[in-house]
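# Architecture at a glance
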Amino acid sequence: MQHVMDDKMILVTGGAGYIGSHTCVELANSGYKLVVLDNLSNSSAKVLPRIESIIQQKITFVQGDIRHRETLEAVFRQYNIAAVIHFAGLKTLNESVSQPMSYYDNNVSGTITLCNVMAEFDCKTLIFSSSAAVYAEISNQPIREDFPLAANNPYGRSKLIIEQILTDLHRADPAWSIALLRYFNPVGAHFSGLIGEHSNATSTNLMPCLSQVATGKRDKLFIYGNDYKTRDGTGVRDYIHVADLAKAHVKALIKALDSSDVLTLNIGTGRGYSVLEVIAAFEKVSGQKIPFEMVARRAKDLARCVADPSLAIKTLNWKAELDINRMCADSWHWQTHNPDGYA
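What you see is a predicted model, and the numbers here were worked out from it, not measured in a lab.

### A few points about the pairing of strand β1 (residues 9-13)
- In terms of burial, β1 is a largely internal element, five of the five residues being buried.
- Residues Met-9, Leu-11 and Thr-13 line one face of β1 and the alternating positions Ile-10 and Val-12 line the opposite face, and both faces are buried.
- Here β1 pairs with strand β4 (residues 81-86) via five bridges, running parallel. If you follow Thr-13 over to β4, its bridge partner there is His-86.
- Summarising the sheet, β1 and strand β2 (residues 34-38) pair through four bridges and their orientation is parallel. Its bridge partner being in β2, Ile-10 is matched across the sheet by Leu-34.

Rendered as structure tokens:
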């Protein structure tokens, strides 16, 4: 079933970012008309012509901030918005610890402003970009949606607070249709090599760091902890290709436009890979040797964090299809064609 709405559009906040840009491609491929709103604080305007080149059509772009009510009202007045996919927000875990107020201001206050404007224009369908960071530290795996919640940093707490706000909003007004998508570890890039993750020297995520070591931008990879109770002592994570993640948003949108409920779904593969397994896969597809150094664990890093995605598979008729080799190959393709990201 497909909703292709003649005059209606989907507002994608943070649509110039990593996951947002890939979701714009999948939405356009599914026939949706888009308005992208982004303040470009964590993304580049250069991504927009690249999206257009992939989808072979123009997209409407508004540079603006979700915290500015007047900007949002102008967008809703000008365009007939049927639903919002909400990516806009700050997303670096370590930075959130040193700058908690900017995380609560951007993520929480921004979402409240967005919801107030949506209600004003009677637009009550929202897909929210949440995170596995909302879960409590538990050894019981894989993680189901009904597991205990307790974020341990301001980034994760901002996501959890927003989930609670949106749940309360639906309880107060059941006309709202909301999907809370809890991502595990998005990696990879569009197969064209035109869009991908813009990382910098301070990036701590495994795949960008691997790519930078492989191209000589970094001397070596640091592996934090090799004494976990895992297959090889290194941390195990559920990595998901960003294209599979983007497709989950399209399926969630179709579902949300058809119902009024709060759907909470893990978006992962259900398969965990250790750091050493990811390095081996990356070396295989890139033909590059990755030098690494084992260092002490980071505080609060889990040994294992793997999704149980069965509810999303059942509810959305969606399933992650791309494996770790493809994730590494597409990351490497992006990195070699864009050594400085969008710079």
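### Overview of helix α3 (residues 69-78)
- Residues Leu-72, Glu-73, Val-75 and Phe-76 constitute the buried set of α3. The buried residues of α3 occupy an angular sector of 160° when projected down its axis, which confines them to one face. Facing away from the buried surface of α3 by more than 90 degrees, the exposed residues are Glu-70, Arg-77 and Gln-78.
- In this fold, the buried residues of α3 make contact with β1, β2, β3 (60-63), β4 and α5 (100-120).

### Thoughts on the packing of helix α1 (residues 18-29) against helix α2 (residues 47-55)
- For the pair α1 and α2, interaxial distance at closest approach is 10 Å and the crossing angle is 30°. In terms of their interaxial angle, α1 and α2 are classed as roughly parallel. As for the relative orientation of α1 and α2, their crossing is right-handed in sense. Facing α1, whose interface residues are Ser-21, Cys-24, Val-25, Ala-28 and Asn-29, α2 presents Val-47, Ile-51, Ile-54 and Ile-55.
- Split into classes, the residues belonging to the contact of α1 with α2 amount to seven nonpolar, two polar and no charged.

### A short note on the pattern of salt bridges
- One pass over the structure, following the stated rule, counts 17 salt bridges.
- With its nearest N and O atoms 3.1 Å apart, the salt bridge here joins Arg-69 to Glu-73. With a gap of four residues between them, Arg-69 and Glu-73 both fall in helix α3, about one helical turn apart.
- Take Glu-73: its relative accessible area is 16%, and that puts it in the buried class.
- In this structure, Arg-171 and Asp-168 form a salt bridge, with 3.1 Å as the shortest nitrogen-oxygen distance. Within this pair, Arg-171 and its partner Asp-168 are both found in helix α6 (residues 154-172), separated by three residues, close to a single helical turn.
- A relative accessible area of 62% means that Arg-171 is categorised as exposed.

### As for the side chain of Glu-26
- Residue position: Glu-26 is located in helix α1.
- Buried and unpaired, Glu-26 has no salt bridge, with Lys-247 as the nearest side chain of opposite charge at 4.5 Å.
- Residues contacting Glu-26, with those up to four places away along its chain left out, are Ala-243, Ala-246, Lys-247 and Val-250.

### Observations regarding the sheet that holds strand β9 (residues 236-237)
- What the three strands build is an open sheet, ordered β12-β9-β14; its pairing is mixed. The outermost strands of the open sheet, each flanked by one partner alone, are β12 (273-274) and β14 (304-305).
- Here two bridges tie β9 to β12, and the two strands are oriented antiparallel to one another. Bridge assignment links Val-236 to a residue of β12, and that residue is Ser-274.

Rules of the game
Residues numbered from 1 in each chain as written. Predicted model: local features only at pLDDT ≥ 70, side-chain atom pairs only at ≥ 80, totals over all residues. Heavy atoms only, no water. Buried < 20%, exposed > 50% of the residue type's maximum accessible area, 1.4 Å probe, protein only. Helix = DSSP H or I, 4+ residues; strand = E, 2+ residues; numbered from the N terminus. Pairing = 2+ DSSP bridges. Arc of directions from axis to C-beta. Contact = heavy atoms within 4.5 Å. Axes fitted to C-alpha atoms, helices over the stretch in contact; angles between N-to-C directions. Parallel < 35°, antiparallel > 145°, perpendicular 65-115°, else oblique. Left-handed = near helix turned anticlockwise from the far one by under 90°. Nonpolar A, V, L, I, M, F, W, Y, C, P; charged D, E, K, R; others polar. Salt bridge = Lys/Arg side-chain N within 4 Å of Asp/Glu carboxyl O. Lys, Arg positive; Asp, Glu negative; His and termini not counted.

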